[in-house]
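# Residue-level structure breakdown
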Amino acid sequence: MIEKVYEFKKDAKTKVVEKIVNTEHVQINHIVLPKGEQMPKHYSNSYVHLIIIKGEMTLTLEDQEPHNYKEGNIVYVPFNVKMLIQNLNSDVLEFFVIKAPHPRKLNAPEEAIKCE
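Residue positions within a chain follow its written sequence, with the count starting from 1. With pLDDT at 70 or above as the cut-off, local features in this predicted model cover only qualifying residues; side-chain atom pairs require 80 or more to be listed or tallied, and sums for whole chains, interfaces and linings still use all residues. Hydrogens and waters are ignored; side-chain quantities use all the structure's heavy atoms.

### Thoughts on the overall build of the protein chain
- Looking only at helices and strands, the protein chain has zero helices and 10 strands in total.
- What counts as a helix is a DSSP run of H or I of at least four residues, what counts as a strand is a run of E of at least two, and both are numbered from the N terminus. Going from N to C terminus, the protein chain has its helices and strands arranged as β-β-β-β-β-β-β-β-β-β.
- By its C-alpha atoms, the protein chain is 40 × 30 × 20 Å across when sized along the principal axes.
- Contacts between residues were defined by any pair of non-hydrogen atoms, one from each residue, lying within 4.5 Å. For the protein chain, long-range pairs separated by at least 24 residues make up 66% of all intrachain contacts whose partners lie at least 6 apart in sequence.

Structure, rendered in C-alpha coordinates:
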(Lines give C-alpha, C1' and ligand atoms only; values in the text may rest on other atoms or scores of the structure.)
Protein backbone atom coordinates (compact mmCIF):
# COMPACT_ATOMS: atom_id res chain seq x y z
CA MET A 1 0.00 0.00 0.00
CA ILE A 2 1.52 3.30 -1.08
CA GLU A 3 -0.90 5.67 0.64
CA LYS A 4 -1.28 6.25 4.34
CA VAL A 5 -4.69 6.92 5.87
CA TYR A 6 -5.18 9.22 8.86
CA GLU A 7 -8.35 9.49 10.92
CA PHE A 8 -9.77 12.31 12.98
CA LYS A 9 -12.64 12.56 15.46
CA LYS A 10 -15.99 13.19 13.83
CA ASP A 11 -19.08 14.89 15.27
CA ALA A 12 -17.27 16.02 18.42
CA LYS A 13 -19.19 18.37 20.70
CA THR A 14 -16.43 18.90 23.26
CA LYS A 15 -13.00 20.53 22.84
CA VAL A 16 -10.65 18.47 20.68
CA VAL A 17 -7.04 19.26 19.79
CA GLU A 18 -5.42 16.40 17.92
CA LYS A 19 -2.27 16.19 15.86
CA ILE A 20 -3.30 14.09 12.86
CA VAL A 21 -0.20 14.25 10.64
CA ASN A 22 3.33 14.95 11.83
CA THR A 23 5.76 14.12 9.04
CA GLU A 24 9.05 15.56 7.93
CA HIS A 25 7.24 17.97 5.60
CA VAL A 26 3.95 18.96 7.21
CA GLN A 27 1.88 19.08 10.39
CA ILE A 28 -1.90 18.80 10.25
CA ASN A 29 -3.97 19.38 13.38
CA HIS A 30 -7.71 18.95 13.85
CA ILE A 31 -9.43 21.23 16.35
CA VAL A 32 -12.99 21.45 17.67
CA LEU A 33 -13.99 24.35 19.93
CA PRO A 34 -17.43 24.57 21.56
CA LYS A 35 -18.93 28.05 21.88
CA GLY A 36 -16.93 30.25 24.24
CA GLU A 37 -13.71 28.20 23.90
CA GLN A 38 -10.43 29.42 22.43
CA MET A 39 -6.90 28.32 21.70
CA PRO A 40 -4.14 29.90 23.79
CA LYS A 41 -2.75 33.07 22.25
CA HIS A 42 0.46 32.03 20.47
CA TYR A 43 2.89 32.75 17.66
CA SER A 44 2.52 30.76 14.45
CA ASN A 45 5.46 28.38 14.24
CA SER A 46 5.20 27.84 10.46
CA TYR A 47 3.24 29.10 7.48
CA VAL A 48 -0.30 28.18 8.48
CA HIS A 49 -3.53 27.53 6.60
CA LEU A 50 -6.70 27.31 8.69
CA ILE A 51 -9.43 25.31 6.95
CA ILE A 52 -12.80 25.99 8.58
CA ILE A 53 -15.20 23.10 8.09
CA LYS A 54 -17.91 23.95 10.63
CA GLY A 55 -19.02 27.14 12.35
CA GLU A 56 -17.43 30.58 12.48
CA MET A 57 -13.91 31.42 13.67
CA THR A 58 -12.98 34.70 15.30
CA LEU A 59 -9.31 35.30 14.52
CA THR A 60 -7.16 38.08 15.93
CA LEU A 61 -3.69 38.55 14.39
CA GLU A 62 -1.07 40.76 16.03
CA ASP A 63 -2.85 43.94 17.20
CA GLN A 64 -5.51 43.94 14.48
CA GLU A 65 -9.21 43.96 15.20
CA PRO A 66 -10.76 40.47 15.33
CA HIS A 67 -12.14 39.15 12.03
CA ASN A 68 -14.75 36.42 11.57
CA TYR A 69 -14.33 33.61 9.05
CA LYS A 70 -16.99 31.07 8.23
CA GLU A 71 -17.32 27.46 7.23
CA GLY A 72 -15.75 26.96 3.80
CA ASN A 73 -13.04 29.61 4.30
CA ILE A 74 -9.31 28.89 4.18
CA VAL A 75 -7.28 31.53 6.03
CA TYR A 76 -3.52 31.93 5.55
CA VAL A 77 -1.38 33.13 8.48
CA PRO A 78 2.32 33.90 7.89
CA PHE A 79 5.16 32.54 10.01
CA ASN A 80 5.81 34.11 13.44
CA VAL A 81 2.54 36.03 13.76
CA LYS A 82 0.75 36.44 17.10
CA MET A 83 -2.66 34.81 16.81
CA LEU A 84 -5.75 34.14 18.88
CA ILE A 85 -8.44 31.74 17.65
CA GLN A 86 -11.85 31.89 19.36
CA ASN A 87 -15.34 30.47 18.94
CA LEU A 88 -17.58 33.34 19.96
CA ASN A 89 -20.57 32.74 17.68
CA SER A 90 -21.13 29.07 16.79
CA ASP A 91 -22.33 26.08 18.78
CA VAL A 92 -19.25 24.25 17.45
CA LEU A 93 -16.21 25.52 15.51
CA GLU A 94 -14.28 22.80 13.69
CA PHE A 95 -11.16 23.40 11.62
CA PHE A 96 -7.88 21.96 10.41
CA VAL A 97 -4.49 23.62 10.84
CA ILE A 98 -2.01 22.89 8.04
CA LYS A 99 1.58 23.85 8.88
CA ALA A 100 3.95 23.71 5.92
CA PRO A 101 6.78 23.36 5.98
CA HIS A 102 7.03 21.44 9.23
CA PRO A 103 8.14 23.90 11.97
CA ARG A 104 11.45 22.02 12.34
CA LYS A 105 12.36 23.10 8.79
CA LEU A 106 12.11 26.72 10.00
CA ASN A 107 14.10 26.02 13.19
CA ALA A 108 10.91 26.67 15.13
CA PRO A 109 9.58 24.59 18.03
CA GLU A 110 7.17 21.82 17.10
CA GLU A 111 4.58 23.25 19.51
CA ALA A 112 3.57 26.89 19.07
CA ILE A 113 4.97 29.37 21.61
CA LYS A 114 2.24 30.78 23.86
CA CYS A 115 2.27 34.52 24.46
CA GLU A 116 0.36 37.07 26.48
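### Let's talk about the environment of Lys82
- When you line up the elements, Lys82 lands in strand E8 (residues 82-86).
- Residue Lys82 is classed as buried on the basis of its relative accessible area of 16%.
- Counting along the chain gives 41 residues from Lys82 to Lys41, while the straight-line C-alpha distance between them is 7.1 Å. Categorising residues by exposure relies on relative accessible area from a 1.4 Å probe, with only protein chains included: less than 20% of the type maximum marks a residue as buried, more than 50% marks it as exposed, and the intermediate range marks it as partly exposed.

### Considering the sheet that holds strand E9 (residues 92-99)
- Spatially, the five strands line up as an open sheet ordered E1-E2-E9-E4-E7, and their pairing is antiparallel. Edge positions in the open sheet fall to strand E1 (16-22) and strand E7 (74-77), since each of these has one partner strand only. On average, each strand axis in the sheet is inclined to that of its neighbour by 20°, with strand direction left out of account.
- Pairing between strands is defined by DSSP: at least two bridges between them are needed. Relative to E7, strand E4 (residues 48-54) runs antiparallel, the two being bridged by four bridges. Looking at E7, one finds that Ile51 is bridged to Ile74. All axes are obtained by fitting lines to C-alpha atoms, using only the stretch in contact for helices, and the reported angles, taken between N-to-C directions, cover 0 to 180 degrees.

### Side note on the UniProt feature "domain: Cupin type-2" (unreviewed entry) in the protein chain
- UniProt positions are given in the numbering used here, feature names are shortened, and annotations may be inferred rather than shown by experiment. In the numbering adopted here, UniProt assigns the feature "domain: Cupin type-2" (unreviewed entry) to residues 30-98.
- For residues 30-98, helix accounts for 0% and strand for 58%, while the C-alpha atoms at its two ends are 9 Å apart.

### Side note on the nonpolar core
- What makes a nonpolar core is a set of buried Ala, Val, Leu, Ile, Met, Phe, Trp, Tyr and Cys residues whose side-chain atoms join them at distances within 4.5 Å. If you look at the biggest cluster of nonpolar residues, it comprises 17 residues, and the most contacted ones within it are Leu50, Met57, Leu59, Val77, Ile85 and Phe95.
- Contributing elements (two or more residues each) for this core: strand E2 (27-34), E4, strand E5 (56-61), E7, E8 and E9.
- When residues no more than four places from it in sequence are discounted, the contact partners of Leu50 are Met57, Leu59, Asn73, Ile74, Val75, Val77, Met83, Ile85, Phe95, Phe96 and Val97.

### Structural notes on the sheet that holds E8
- Strand order in the open sheet formed by five strands is E6-E5-E8-E3-E10, with antiparallel pairing between adjacent strands. Of all the strands in the sheet, just strand E6 (67-70) and strand E10 (113-114) have a single pairing partner and so form its edges.
- With four bridges joining them, E5 and E8 adopt antiparallel strand pairing. Bridge pairing in E8 links Leu61 to Met83.

### Let's talk about the environment of Asn45
- Mapped onto the fold, Asn45 is located in the loop between strand E3 (42-43) and E4.
- On the accessibility criterion, Asn45 (4% relative accessible area) is buried.
- Distance from Asn45 to Glu7, taken between C-alpha atoms, is 24 Å for residues 38 residues apart in sequence.
- Of the polar contacts made by the side chain of Asn45, one reaches the backbone oxygen of Glu110; its length is 3.0 Å. Within 3.5 Å is the distance limit for a polar contact, defined as a pair of N or O atoms, with the added protein rule that one can donate a hydrogen and the other accept it, and that residues adjacent in sequence qualify only through two side-chain atoms.

### Topic: the pairing of E8
- Judged by how many residues are buried, E8 sits mostly within the fold: five of five residues are covered.
- Burial along E8 is two-sided: Lys82, Leu84 and Gln86 facing one way and Met83 and Ile85 facing the other are all buried.

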